[in-house]
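Remarks on the overall topology
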Amino acid sequence: MSATIRSGYFTPLLFLLVAAATAILGSYFFMLQNFSADTTLLFTRYTARVSFMFFLPVFALGALHQLYPTDLGRALMGRRRQLGLAFAAAHTVHLVGIIANYLAIDAWFSADDTAAIVIYVFIGLMAVTSNSFSVRQLKGVWRVLHKVGLYGIFIGFFVTYLGRVQGYSQSQLDPSLMDPFWVYVVLLALVTSAWLLRIAAFWQKRG
Ligand code: HEM
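Predicted model only: the values in this text are computed from it and were never measured. (Residues numbered from 1 in each chain as written. Predicted model: local features only at pLDDT ≥ 70, side-chain atom pairs only at ≥ 80, totals over all residues.)

Things to note about the overall build of the protein chain
From N to C terminus, the protein chain includes eight helices and zero strands. The N-to-C order of helical and strand elements in the protein chain reads α-α-α-α-α-α-α-α. For the protein chain, the C-alpha radius of gyration of 18 Å lies close to 17 Å, the compact-globule estimate for 207 residues. Seen along its three principal axes, the alpha-carbon backbone of the protein chain occupies a region of about 50 × 35 × 35 Å. When burial is assessed residue by residue, the protein chain has 26% of its 207 residues classed as buried. For the protein chain, long-range pairs separated by at least 24 residues make up 73% of all intrachain contacts whose partners lie at least 6 apart in sequence. (Helix = DSSP H or I, 4+ residues; strand = E, 2+ residues; numbered from the N terminus. Rg over C-alpha atoms; globule rule 2.2 N^0.38 Å. Buried ≥ 20, exposed ≤ 12 C-beta atoms within 10 Å, placed from the backbone. Contact = placed C-beta atoms within 7 Å.)

So this is what it looks like as structure tokens:
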């Protein structure tokens, strides 16, 4: 990828990536296997993971580019809006997985899901205001909405992966449905590193 990637090509490319990853996951779980509690659970898990890969650059790119400026970083910085929209699209697919899983296990959203639903409301608001018109109209409100939303999503990932690492040995899941421990260690390390980058960039700016 180079600094000369044109935005017009980049946006469809990102959505194509989300669509391709989802189609591969969907066809694997629902067509090659079957529509069951287990397959929908795995579909839900891996769609969250796909969306995490889009969230990481949205969350950490600004800090990384401030600390270590590169041409690639500059090129991607100009496309953070597209990356954010690709994340929103990917996380909407996670929601499809969640609903499929609830249908498969004959359950529905409950009070336990409140925090996650609030995060989804933020994702929706952030997606519909990810345009220049909204930035101009909402001014300070836009900044607060996107900062609070970004940290809300970060907390969603951080808390989930921390919980997976801490509770791994006591998990109630069938062992055949569990990923190796190291997978969760890597995911937790990635989300923690992204946070540390932001903290380092914050202190560099102040210093
Ligand atoms: C009501 C809303 C939500 C429900 C019911 C829900 C449900 C689920 C379920 C059933 C799984 C699969 C569990 C497993 O792998 O054993 C999952 C995975 C996950 N979800 Fe959600 N989720 C919701 C919203 C969110 C939000 C808003 C975030 C992040 C901002 C999130 C992040 C994750 C992560 C990080 C995983 C684990 C992926 C992995 O193992 O790599 N979820 N979720």
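Let's talk about the site of the ligand
Taken together, 19 residues are adjacent to the ligand, and Arg45, Ala48, Asp113, Ala116 and Gly156 come closest. Listing elements by their share of the shell around the ligand, those giving two or more residues are α2 (37-67), α4 (80-105), α5 (114-128) and α7 (140-166). Here the shell around the ligand takes five residues from α2, the largest share from any one element. (Near = placed C-beta within 6 Å.)

A few points about helix α8 (residues 181-206)
One turn of the α-helix equals 3.6 residues, which is why residues spaced by three or four share an orientation. The end-to-end C-alpha distance of α8, which contains 26 residues, comes to 38 Å, matching closely the 38 Å that a straight helix rising 1.5 Å per residue would cover. Of all the positions in α8, only Tyr184, Leu187, Val191, Ala194, Leu197 and Arg198 are classed as buried. Residues of α8 that are buried in the fold lie against α2 and α7. (Expected span 1.5 Å × (residues − 1).)

Some points on the confidence of the model for the protein chain
The predicted coordinates should not be examined in detail at positions where pLDDT is low. Chain-level statistics for the protein chain give a pLDDT mean of 91 and a share of 95% at 70 or above. Confidence drops under a pLDDT of 50 for residues 1-5, and excluding neighbours within four residues, the segment shows nine contacts in the predicted structure. (pLDDT = per-residue confidence, 0-100.)

Some remarks on the packing of α2 against α7
The contact between α2 and α7 brings their axes to 11 Å, and the two run at 135 degrees. Between α2 and α7, the crossing angle belongs to the class labelled oblique. The handedness of the crossing between α2 and α7 comes out as left-handed. Counted together, Phe52, Phe55 and Phe59 of α2 and Leu150, Ile153, Phe154 and Phe157 of α7 form the full contact between these two elements. A breakdown of the residues in the contact of α2 with α7 according to their chemical character gives seven nonpolar, no polar and no charged. (Axes fitted to C-alpha atoms, helices over the stretch in contact; angles between N-to-C directions. Parallel < 35°, antiparallel > 145°, perpendicular 65-115°, else oblique. Left-handed = near helix turned anticlockwise from the far one by under 90°. Nonpolar A, V, L, I, M, F, W, Y, C, P; charged D, E, K, R; others polar.)

Side note on the nonpolar core
One finds Phe54, Phe55, Ala86, Phe87, Ala90 and Phe157 to be the most contacted residues of the largest nonpolar core, which totals 34 residues. Elements with a contribution of two residues or more to this core: α1 (7-32), α2, α4, α5, α7 and α8. Ranked by residue count, the leading element in this core is α2, at twelve residues. Ala90 has contacts with Val18, Thr47, Val50, Ser51 and Phe54, leaving out every residue within four places of it along the chain. (Core = buried A, V, L, I, M, F, W, Y, C linked by C-beta atoms within 7 Å.)

A short note on α4
Taking 1.5 Å of rise per residue, the 26 residues of α4 would be expected to cover 38 Å, and the 37 Å separating its terminal C-alpha atoms lies within 8% of that figure. At the C-terminal side of α4, Asp106 shows a positive phi close to 55 degrees.

Remarks on the packing of α7 against α8
Relative placement of two packed helices is described by the angle separating their axes and the distance separating the axes. Axis separation between α7 and α8 bottoms out at 9 Å; the angle between their running directions is 145 degrees. α7 and α8 meet at a crossing whose hand is left-handed. On α8, the residues that touch Phe154, Phe157, Phe158, Tyr161, Leu162, Arg164 and Val165 of α7 are Tyr184, Val185, Leu187, Leu188, Val191 and Trp195. A breakdown of the residues in the contact of α7 with α8 according to their chemical character gives twelve nonpolar, no polar and one charged.

Overview of unusual backbone geometry
If you check the backbone angles, Asp106 has positive phi at about 55 degrees while not being a glycine. Checked against the element boundaries, Asp106 lands in the loop between α4 and α5.

A word on the environment of Leu56
Structurally, Leu56 can be placed in helix α2. As a C-alpha pair, Leu56 and Ser193 span 137 residues in sequence and 9.8 Å in three-dimensional space. Sequence-distant contacts of Leu56, defined by excluding residues within four places in its chain, comprise Leu190 and Ala194.

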